[in-house]
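Fold and geometry: a report
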Amino acid sequence: MTQDELKALVGRAAIDHVVPGTVVGVGTGSTVNCFIDELAKIKDRIAGAVSSSQKSTERMRALGIRVLDANEVESLPVYIDGADEIDHHGCMIKGGGAALTREKIVSDIAERFVCIADASKLVDTLGRFPLPVEVIPMASGQVARRLRALGGQPRLRDGVITDNGNLILDVSGLSITDPAALEAEINQWPGVVTNGIFARNRARLCLLGTAEGVKTLEF
């Protein structure tokens, strides 16, 4: 199966984890787009969605799905999103689509994070995919220096401004053996909005698209 076919497969499988009559948290990216297309087919059975990006919001509204502001809900039964990498404990690297901050906000509201991904995203140790770090523009130089001191190789993502008006540094060369510790360390630096390690808000379940079908991993 192609990667696109695997994405469509897990997008359909994720519908089984949507709680009827409730508001669902919806992430960002190409795999999530497959889920959104499936969600549109049952839009009359949900109360709406909270979105983690302008792109997902636009896609859902175009399909007639009601989109609520995150401040309108106290909790969500489930948040469904993809990952750039996921390890065997449910920790992830996210932010390839530059929506990491809003993804963390929505996932923090949710009771359960369901990750949808193809098998290529499953890794033993995070870090092969460059770690995105969202930074306030005036802090980008200082944050880059601190990332280099950790052994990383930060690069400003050209031409990208986040939905929050900030910049993204993509950091290669890291082997993230303690995701929770590194997430907490980088997040405390002045000027960092957040980084793309999802350890505190890790996945509790992953629907992994494989050549043999959807494999369910629970953490």
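So, a few notes on the structure that sits alongside this text. (Residues numbered from 1 in each chain as written. Predicted model: local features only at pLDDT ≥ 70, side-chain atom pairs only at ≥ 80, totals over all residues. Heavy atoms only, no water.)

1. Focus on the overall build of the protein
Within the protein one finds 6 helices and 14 strands. Whereas a compact globule of 219 residues would reach a radius of gyration of roughly 17 Å, the protein reaches 17 Å, a difference of no more than 12%. Each principal axis of the C-alpha distribution contributes one length, and for the protein these read about 50 × 40 × 30 Å. The 219 residues of the protein split such that 54% are buried. For the protein, the proportion of contacts with a sequence separation of at least 24, taken over those separated by at least 6, is 71%. For the protein, the accessible area works out to roughly 10000 Å², and carbon and sulfur atoms hold 48% of it. Each charge class in the protein was averaged separately, 24 positive and 28 negative side chains, and the resulting centres sit 2 Å apart. (Helix = DSSP H or I, 4+ residues; strand = E, 2+ residues; numbered from the N terminus. Rg over C-alpha atoms; globule rule 2.2 N^0.38 Å. Buried < 20%, exposed > 50% of the residue type's maximum accessible area, 1.4 Å probe, protein only. Contact = heavy atoms within 4.5 Å. Areas by Shrake-Rupley, 256 points an atom, 1.4 Å probe, with all protein chains shown as cover. Lys, Arg positive; Asp, Glu negative; His and termini not counted. Charge placed at Lys NZ, Arg CZ, Asp CG, Glu CD.)

2. Thoughts on the environment of glycine 209
Within the element layout of this structure, glycine 209 appears in strand β13 (residues 205–210). With relative accessibility at 0%, the residue glycine 209 sits in the buried group. In the structure, glycine 209 is positioned 199 residues away from valine 10 in sequence and 5.8 Å away in space, judged by C-alpha atoms. Among all residues touching glycine 209, those that are not within four sequence positions of it are Leu6, Val10, Ala117, Asp118 and Ala119.

3. What to know about the nonpolar core
By size, the foremost hydrophobic cluster in this structure holds 24 residues, and its most contacted members are Val24, Val26, Phe35 and Leu39. Elements with a minimum of two residues in this core: α1 (3–13), β1 (23–26), α2 (30–39), β7 (113–118) and β13. In terms of residues, this core owes the most to one element, α2, which gives 4 residues. Not counting chain neighbours up to four residues away, the residues in contact with leucine 39 comprise Ile15, Val18, Val24, Val26, Ile46, Met60 and Ile65. (Core = buried A, V, L, I, M, F, W, Y, C linked by side-chain atoms within 4.5 Å.)

4. A short note on the sheet that holds β1
Spatially, 7 strands are ordered β3-β2-β1-β4-β7-β13-β14 in an open sheet, and the strand pairing comes out mixed. On the outer flanks of this sheet lie β3 (67–68) and β14 (213–218), each paired with one strand and no other. Here 4 bridges tie β1 to strand β2 (residues 48–51), and the two strands are oriented parallel to one another. What sits directly across from valine 26, in β2, is serine 51. (Pairing = 2+ DSSP bridges.)

5. Quick notes on unusual backbone geometry
Phi at alanine 98 takes a positive value of approximately 65 degrees, unusual for a residue other than glycine. Summarising the element assignment, alanine 98 is placed in the loop between β6 (92–93) and α4 (100–109).

6. What to know about the pairing of β13
Most of β13 sits inside the fold, with 6 of its 6 residues counted as buried. In this sheet, β13 lies alongside β7 in parallel orientation, the contact comprising 5 bridges. Directly across from aspartate 118, in β13, lies its bridge partner glycine 209. The pairing of β13 with β14 spans 6 bridges and is classified as antiparallel. Opposite threonine 210, over in β14, you have glycine 213 as the bridge partner. Joining the antiparallel neighbours β13 and β14 is a turn of 2 residues.

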